Amino acid sequence: VDRFLIKDFLQGRVDKHYLLKRKFLGLAAALKLQKVDDQVVPTKGYRFTANAAYTKNINEPNKTLSYGGDLHFYFPLSNRFVLAIKNGAATVNGEPEFYQLNSIGGKKLRGYRRERFWGNTSYYNNNELQYLFNFRSFLFNGKVGLMGFADQGRVWLKGEKSQVWHYGYGGGIILSPFNKIYIAASYGISPENKGIIH
């Protein structure tokens, strides 16, 4: 069924105008602020990023202004339990191409395939309860942990009227060999899908 839906979508979009090469000129800026107790596996503090970009299609009068941001909080509940709350939003104005729209799915909305939902505006919320402890073995020293999560998010598409929010939940493991890198693998479940997220 999916193949026919995709085929119809592409047939509706493929024409001479659509196949023209597009050239863009733009300007982008980004800001990052953070105060955490550990750069790799934070257990206390916050991280904030913001970005904005202006894009102009050289061959056509189309132009877009996009901006967004992410805000992450880390709350220590005890020596080993941490509550991590991550929020992010983005929007694009003007006349964007479909690949300039914002998407959620994958790590931003676990339990759904990557870039599952597309729209002019997107929002996601991740809530993780992490259980972390120091680990020593002949393989590596570092941190190991378990986590449980509940995510929610949605997109808003110009001209669409919908109040649907999407939800996913699951659990996973956290590895930080030598406290130098962060590796997380989780199993997400949603009404649409279930599977491992790297």
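The structure contained in this document is the topic of the report that follows. In this text the structure is predicted, and so the values were computed from the model without any measurement. Within each chain, residue numbers correspond to sequence positions counted from 1 in written order. This being a predicted model, a pLDDT of at least 70 is required before a residue's local features are given, and a value of 80 or more before pairs of side-chain atoms are given or counted; all residues contribute to the totals for chains, interfaces and linings. Think of the side-chain values as coming from all heavy atoms in the structure, minus any hydrogens and water.

**Brief notes about the environment of Ala185**
Test applied: The secondary structure listing takes helices from DSSP runs of H or I that are at least 4 residues long and strands from runs of E that are at least 2 residues long, numbered from the N terminus. When checking whether two residues touch, look at their non-hydrogen atoms; a contact exists if any pair is within 4.5 Å.
One can find Ala185 in strand β10 (residues 183-189). Spatially, the C-alpha atoms of Ala185 and Gly172 are 5.6 Å apart, while their sequence positions differ by 13 residues. If we skip the residues at most four places from it in the chain, Ala185 touches Met147, Gly172, Ile173 and Ile197.

**Some thoughts on the pairing of strand β7 (residues 121-136)**
The criterion, for reference: Two strands make a pair as long as DSSP finds a minimum of two bridges between them.
Here 11 bridges tie strand β4 (residues 81-94) to β7, and the two strands are oriented antiparallel to one another. Paired with Leu83 across the two strands is Leu129, which belongs to β7. By the bridge criterion, 16 bridges tie β7 to strand β8 (residues 141-156) in an arrangement that is antiparallel. By the bridge assignment for β8, Ser122 is matched with Val155.

**A word on the nonpolar core**
Let me state the cut-off plainly: We define a nonpolar core as any set of buried Ala, Val, Leu, Ile, Met, Phe, Trp, Tyr and Cys residues linked to one another through side-chain atoms lying within 4.5 Å. Here the term buried applies to any residue with accessible area under 20% of the maximum for its type, exposed to any over 50%, and partly exposed to those in between, with areas from a 1.4 Å probe on protein chains only.
Among the nonpolar cores identified, the biggest contains six residues, and these are Ile104, Leu109, Tyr112, Phe117, Tyr124 and Val155. In this structure Leu109 touches Ile104, Phe117, Asp151, Gln152, Gly153 and His166, once residues within four positions along its chain are discounted. Residues Val82, Leu132, Met147 and Ile174 belong to the second largest nonpolar core, which totals five residues.

**Observations concerning the packing of aromatic side chains**
This is how the line gets drawn: Side-chain rings of Phe, Tyr and Trp, where Trp is taken by its six-membered ring, are said to pair if the distance between their centres is within 6.5 Å; with planes under 30 degrees apart they count as stacked, over 60 as edge-to-face, and otherwise as tilted. Remark: a charge is flagged as sitting over a ring if the NZ atom of Lys or the CZ atom of Arg is within 6 Å of the ring centre and within 35 degrees of the ring normal.
Counted by the stated rule, this structure contains nine aromatic pairs. A centroid spacing of 5.3 Å and a plane angle of 75 degrees characterise the contact between Phe98 and Tyr99, whose relative ring orientation is edge-to-face. For Phe98, a relative accessible area of 35% corresponds to the partly exposed category. Overall, Tyr99 belongs to the partly exposed group, its relative accessible area being 42%. One aromatic cluster is present, formed by Phe81, Tyr131 and Phe133 through successive ring pairs. Of note, Arg110 hangs over the ring of Phe149, and the distance from its end group to the ring centre comes to 4.0 Å.

Interpretation note: all reported values are geometric properties and have no functional meaning in isolation.
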